[in-house]
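An overview of the molecular structure
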Amino acid sequence: RYFRSVYVDPAGTIFAASYTGQLVVIPANGKAESIMLTDISHPKALDMFGDDILVVVGERSVVFMNTKTYEQQGALHFNAKITASGRINKHPYIFDEQGNTHEIVSVNKMESRRKPNAVKGIVTAFARSDNKGINTYGTSDGKINVEEKNGKVKELLGHRSRVTRLKANGNQLYSSSYDGKMHLW
């Protein structure tokens, strides 16, 4: 199996999504179980929504799994390929190749809008510092846009290829890219 993402819940249960559409669940004190996901192709990211819903992000859809019963609770489908995901104020956010941002409000509802105008290019990575109110967007051309609480955007240059991951930690930002480099900003 080729695993693309792993999430460990507060109880110690491990959830791992494979590229082939399987979700492997390993309870902290139990036996591993493999669940074939439906309504999704090529899962690539996992995140939590609320206390007991696991969000599984695929190429063109998002499915919701109950972490207590391991049952699929629903799915949301997209017209464009998903390029990145993240969260703002406990809500999952999805970015697509057409420049849209989708806030997941519930397992049956999302609100869609254009990405901020100051962010140029396709968003391929996202991170938020909730305590600072700062959003960071990595793009397909290697640039990182930092949107401050007041709406002002700064551009960070340092990668020569697609930004693959961003992680905000206090005043620090970590980034990785297909150029093989990791930066601490």
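Below: a short report on this structure. (Residues numbered from 1 in each chain as written. Predicted model: local features only at pLDDT ≥ 70, side-chain atom pairs only at ≥ 80, totals over all residues. Heavy atoms only, no water.)

Observations concerning empty space enclosed by the protein
If you walk through the whole model with that rule in mind, you get one cavity of 30 Å³ or more. Computed from the structure, the largest cavity encloses a volume of approximately 30 Å³. D47, V55, V57, S85, G86, P92, Y93 and I94 are the residues that line the largest cavity. Going through the elements one at a time, β6 (53–57), β9 (82–88) and β10 (91–96) are the ones with two or more residues in the lining of the largest cavity. Ranked by residue count, the leading element in the lining of the largest cavity is β10, at three residues. Within the lining of the largest cavity, the residues separate by chemical class into five nonpolar, two polar and one charged. (1 Å grid on protein atoms, 1.4 Å probe; cavity = no way out; pocket = protein on both sides within 12 Å on 5 of 7 lines; lining within 4 Å. Points joined across faces, edges and corners; volume = space filled by probe spheres on them. Helix = DSSP H or I, 4+ residues; strand = E, 2+ residues; numbered from the N terminus. Nonpolar A, V, L, I, M, F, W, Y, C, P; charged D, E, K, R; others polar.)

So, the pattern of salt bridges
One pass over the full model with this rule turns up six salt bridges. With a shortest N-O distance of 4.0 Å, K109 and E111 are connected by a salt bridge. Take E111: its relative accessible area is 36%, and that puts it in the partly exposed class. Between D130 and R128 there is a salt bridge, with its nearest N and O atoms 2.7 Å apart. Exposure remark for D130: the relative accessible area of 45% places this residue in the partly exposed category. (Salt bridge = Lys/Arg side-chain N within 4 Å of Asp/Glu carboxyl O. Buried < 20%, exposed > 50% of the residue type's maximum accessible area, 1.4 Å probe, protein only.)

As for unusual backbone geometry
Of note in this structure, H42 is not a glycine but carries a positive phi near 50 degrees. Mapped onto the elements of the fold, H42 is located in the loop between β4 (33–36) and β5 (45–49). For N89, which is not a glycine, the phi torsion comes out positive at approximately 50 degrees. In this fold, N89 is placed in the loop between β9 and β10.

Details of the nonpolar core
Counting residues in each nonpolar core, the largest one holds 14 residues, and the members touching the most others are F15, L23, L37, L46, L54, V56 and M65. For this core, the elements supplying multiple residues, two or more each, are β2 (14–18), β3 (22–26), β5, β6 and β7 (61–66). Dropping the residues within four chain positions of it, L54 is found in contact with Y7, F15, L23, L46, D47, M48, V63, F64, M65 and T67. Judged by nonpolar contacts, the second largest core, of 12 residues, contains I53, V55, L76 and I82. (Core = buried A, V, L, I, M, F, W, Y, C linked by side-chain atoms within 4.5 Å. Contact = heavy atoms within 4.5 Å.)

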